[in-house]
Amino acid sequence: MSMDRYNFHEAERHWQSVWRERGSFAAKTDPSRPKYYVLEMFPYPSGKLHVGHVRNYTMGDVVSRFKRARGFNVLHPMGWDAFGLPAENAAIAGGIHPGKWTYENIATMGAQLKLIGLAYDWDREIATCHPEYYRHEQKMFLDFLAKGLAYRKESWVNWDPVEHTVLANEQVIDGRGWRSNALVEKRLLSQWFLKITDFADELLDGIETLDRWPDRVRVMQSNWIGRSEGARVQFSLQGSGFDGDKLEIFTTRPDTLFGASFCAISANHPIAQKLAAEDPAMAEFNAECNRMGTSEVAIETAEKLGYKTRLSVAHPFLAGVSLPVYIANFVLMEYGTGAIFGCPAHDQRDLDFARKYGLTVRAVVRPADGPTPEIGTEALSLSDGIVVNSDFLDGLTVPEAKRAVIDRLEQMAAGKGTIQYRLRDWGVSRQRYWGCPIPIIHCETCGIVPVPAKDLPVKLPDDVSFDQPGNPLDRHPTWKHVNCPTCGGQARRETDTFDTFFESSWYFARFCSPRSDQAFDRADVDYWLPVDQYIGGIEHAILHLLYSRFFVRALRACGYLELAEPFAGLFTQGMVCHQTYQDAAGNWLYPEQVTVGEDGVATSNGQPVTVGRLEKMSKSKKNLVGLDEIVSSYGADTARLFLLSDSPPERDLEWTEAGVEGTWRYVNRLFRLIYEHQGRLAPIGTITADTGETRRLVHKTVAAVTEDLEQFRFNRGVARLRELSNHLETVAGTVDGAVLREALETFTVLVGPMMPHLAEELWRLMGHDGLLVDTAWPVADPDLVRDDTVKLAVQVNGKLRATIDLPRDVDQEQARVAALAMPEVQRMLEGKPVRKVVVVPNRVINVVA
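Just so you know, the residues in each chain are numbered from 1, in the order the chain's sequence is written. Totals for whole chains, interfaces and linings use every residue, but because this is a predicted model, local features are given only for residues with pLDDT of at least 70 and side-chain atom pairs only at 80 or more, for both listing and counting. Side-chain metrics rest on all non-hydrogen atoms present in the structure, leaving aside hydrogens and water.

Quick word on the overall build of the protein chain
The condition is simple: Strands here are runs of E lasting at least two residues and helices are runs of H or I lasting at least four, both read from the DSSP assignment and numbered beginning at the N terminus. By the convention used here, residues are in contact when the closest approach between their heavy atoms is within 4.5 Å. Method for areas: the Shrake-Rupley scheme with a 1.4 Å probe, in which residue coverage is limited to the protein chains shown. When charges are counted, Lys and Arg contribute as positive and Asp and Glu as negative, whereas His and the chain ends are disregarded. Where a charge sits is defined by one atom per residue type, namely NZ (Lys), CZ (Arg), CG (Asp) or CD (Glu).
Counting secondary structure elements, the protein chain contains 27 helices and 40 strands. Expressed as lengths along the three principal axes of its C-alpha atoms, the size of the protein chain is roughly 100 × 85 × 65 Å. Long-range contacts, defined here as pairs at least 24 residues apart, represent 71% of the contacts in the protein chain between residues at least 6 apart. Carbon and sulfur atoms make up 49% of the accessible area of the protein chain, which amounts to about 36300 Å² in all. The positive charge centre, built from 94 side chains, and the negative charge centre, built from 112, are 2 Å apart in the protein chain.

If you want it as structure tokens, here you go:
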């Protein structure tokens, strides 16, 4: 290896080979040692990686290497979330089998991850599309079914008309499919569900224990579960064919019942469906409602529309008062009972509706310290106040009125107090090929029959066609036809496959025993779980994380494990952003297609280019920086350090060529620092008692960087290391050889988690035979971390006038004398007598005149 410059190509290949040959990152269950499980959310194998992908993997790698050096038995695995529609889309577009496309991408991306030197235990690699993985989740599903945690029912679902599959509510973003961006429709289908609602209270209560999760993620999960206390009210229906029937409504504001001016039901409510059968215009209105988005944003921003039915309901408290019943586009069947009463004065959505259709608006709550307001275009949303215009409730507070209404409803047998959740059971059926087959057989005689455990896994057929929309499994000539395991008669397989979040809801447990014949060995999960540090994007705050929390509870109920929460710590990293470019026709351009002149003008092939805003790196905007290109040009460590150093890890980072160039120059400075001064180093193991400036800075850096890495302040840790290396560059030619060795060795160990290849190379240059990756983390000497002097603020009558350096823990009389002798203090006193001097040790001196 050339020694006059840092040859990162050779160094990175060499050290990666050494780590691999020695099994440096292999993890073994060992209850005698403290464990640490660090995991980044595993990727979907969609193609080549770019530098935007690498940020969270680098963060996890730093944590892994840091904890390993601190003496922990570290598990740091990697795998692939490999089922999903993009593979089918690729099959349709390119005529390639989804499995072939997926495994080719896994090979490509795996090679790229190895290029950047990540400390993974590659022997634990898994892919969720492999039958040896998904056979276990098929068994889990059958156990859930036997336990009553899985069931099938006909329900209204979100239908993606482009991808021809069902979407969970969480997969509908602003009314559109999360992948296709198509407007979602409503359809009535028979679907498989998991009973996540059985654990609603436990999931909600568990959030309080997740003190190492970001607050905003905890709030998002709490809001999604949405526990609400309220009442179910039975309104008596009036109208031909419905007299005597009840319309049940759930409300969190029973105190506003006297302000009700209408009731509204979902387009998919059984009453709406029955009425629509005799009214074509209503049927078309219902269909239009089902074409509207289902997200909160879509509902809140859409115009509030209704269709007045021929029905009304009797007010439960006001004799002779009837309320009209509408079908409304903002009422969803899956929330509450699919029906509401509208109190326009105190709900903006209801007010907009009432104004449009000329309905009564009556205020029934006033502020506690003011009169009853006039309601104009804005509703008065009061969660507290005094109830008015409400008969027996007048003068009560809102909480008192809620209780009184519930008591009266229960006495009348017209309703009862109840608790409602926003959370709905998880629909896991998807109408697609490239997913885990649901292990169920449908028999005309026996009904729903589980596939016997001995016949698992139910594998996907390889010979499928994507020549027409829809699920190829429905059209397969032989795969779906099977004999019933119970009666032996002709039957058919379930052709729906699992939602891919099924696979990602337990993969972290499979990593504990990836080659076991069981889903995982109990001794392994008992040792390794929970994951100590989980790292991934905020976009998974609800979908993946909530499902995983449910899954461990369902697995616990079925005897698989004993675990409260899957992820003890969670960190959500910011995105990597890059400049965007468009040509005159509005087409996105890759950065390499654009030339920016000295005048700042951007062109492509001589044509003007519009420079857009910074955006998250994405294929759609083409603002990608290829990982292979960066590693080839600058090396993995340069990319790693830049991704760690330029901004706090929870914030977005801008990738700039100038920033990468600067990092590359710094890497070479570090190499030269040790290469050029290795001859001045004292022998390995030399001890020094020096207490000078250099050793103090070294030990302060150890203490600070250790804390920074523990707290995920990677950019601050990098800044401290730069400060230390700058100092060492200045003194390396003059400082004592023993001090220099300790300083350079300590610096190298500290920088090791961030730039592991360079660190190994520097460690070897300093004469070490062993690997740096096996070297213990340095421990700061507290006597060297403590400053002998401290800077104290000097105040006169409470106002800062100066600072003074004094010995730490100086005698208070000495501090008083030193402060009074300062020219700034004398000038402010102007000859006035000093009444007293207050000394706060090591912090402040206040002179009172």
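What follows picks up the thread again.
So, the pairing of strand β10 (residues 227-238)
Applicable threshold: Think of it this way: DSSP has to see at least two bridges between two strands before they count as a pair.
With seven bridges joining them, β10 and strand β18 (residues 415-421) adopt antiparallel strand pairing. Paired with serine 228 across the strands is glutamine 420, a residue of β18. Note that β10 and strand β11 (residues 246-251) share six bridges and pair antiparallel. Counted as the bridge partner of arginine 232 is phenylalanine 250 from β11.

Let's talk about the packing of helix α2 (residues 51-69) against helix α21 (residues 693-710)
Selection rule: Here an angle of 0 to 180 degrees is reported between the N-to-C directions of two axes, which are lines fitted to C-alpha atoms, with helices fitted over the stretch in contact. Angles are sorted into four bins: roughly parallel if under 35 degrees, roughly antiparallel if over 145, roughly perpendicular if 65 to 115, and oblique for all others. Should the near helix be turned anticlockwise from the far one by less than a right angle, the crossing is termed left-handed; should it be turned clockwise, right-handed. Here the nonpolar group is Ala, Val, Leu, Ile, Met, Phe, Trp, Tyr, Cys and Pro; Asp, Glu, Lys and Arg are the charged ones; every other residue, Gly included, is treated as polar.
Following both chains from N to C, one finds α2 and α21 inclined at 125 degrees, their axes separated by 10 Å at the closest point. By the angle class used here, α2 and α21 are oblique. Where α2 crosses over α21, the handedness of that crossing is left-handed. Within the contact between the two elements, α2 uses Val62, Phe66 and Lys67 and α21 uses Thr706, Leu709 and Glu710. Class assignment of the residues belonging to the contact of α2 with α21 gives a composition of three nonpolar, one polar and two charged.

Regarding the pattern of salt bridges
The condition that has to hold: One speaks of a salt bridge when a side-chain nitrogen belonging to Lys or Arg is within 4 Å of a carboxyl oxygen belonging to Asp or Glu. Partly exposed residues are those whose accessible area sits between 20% and 50% of the maximum for their type, while under 20% is buried and over 50% is exposed, using a 1.4 Å probe and protein chains only.
Inspection of every chain in the model, using the stated rule, returns 40 salt bridges. A salt bridge links aspartate 532 to lysine 35; the shortest N-O distance between them is 2.7 Å. Remark: lysine 35 occurs in strand β1 (residues 35-40) and aspartate 532 occurs in the loop between α16 (522-528) and β26 (533-536); sequence separation between them is 497 residues. As far as burial versus exposure is concerned, aspartate 532 and lysine 35 are alike and both buried. The partner of glutamate 565 in a salt bridge is arginine 553, and the shortest N-O contact between them spans 2.5 Å. Pair noted here: glutamate 565 is in the loop between α17 (543-557) and β27 (570-572) and arginine 553 is in helix α17, with a separation of 12 residues, a long-range link.

Points about the packing of aromatic side chains
Basically, it comes down to this: Paired rings are identified among Phe, Tyr and Trp, the last through its six-membered ring, by centres lying within 6.5 Å, and are further divided according to the angle between planes into stacked (under 30 degrees), edge-to-face (over 60) and tilted (the rest). Distance and angle both matter: a charge sits over a ring if NZ of Lys or CZ of Arg is within 6 Å of the ring centre and within 35 degrees of the ring normal.
One pass over the full model with this rule turns up 47 aromatic pairs. Taking 5.7 Å as the distance between ring centres and 65 degrees as the angle between the ring planes, the aromatic pair formed by phenylalanine 199 and phenylalanine 550 counts as edge-to-face. Here phenylalanine 550 lies in helix α17 and phenylalanine 199 lies in the loop between β9 (185-194) and α6 (200-206), a separation of 351 residues in the sequence. Seen in terms of ring centroids, tyrosine 507 and phenylalanine 511 are 5.7 Å apart; in terms of plane orientation they differ by 70 degrees. Their pairing is edge-to-face. Using a relative accessible area of 0% as the deciding quantity, one classes tyrosine 507 as buried. Aromatic rings pair up to connect Phe141, Phe144, Trp192, Phe199, Trp426, Phe498, Phe501, Phe502, Tyr547, Phe550 and Phe551 into one cluster. Sitting over the face of the ring of tryptophan 19, arginine 65 holds its NZ or CZ atom 4.6 Å from the ring centroid.

A few points about the packing of helix α19 (residues 636-645) against helix α22 (residues 714-731)
In a pair of packed helices, the angle between the axes and the distance between the axes together describe the arrangement. At their nearest, the axes of α19 and α22 sit 7 Å apart, and the two run at 115 degrees to each other. The angle between α19 and α22 falls in the class roughly perpendicular. Contacts from Leu641, Leu644 and Ser645 in α19 reach Phe714, Asn715 and Val718 in α22. Within the contact of α19 with α22, the residues separate by chemical class into four nonpolar, two polar and no charged.

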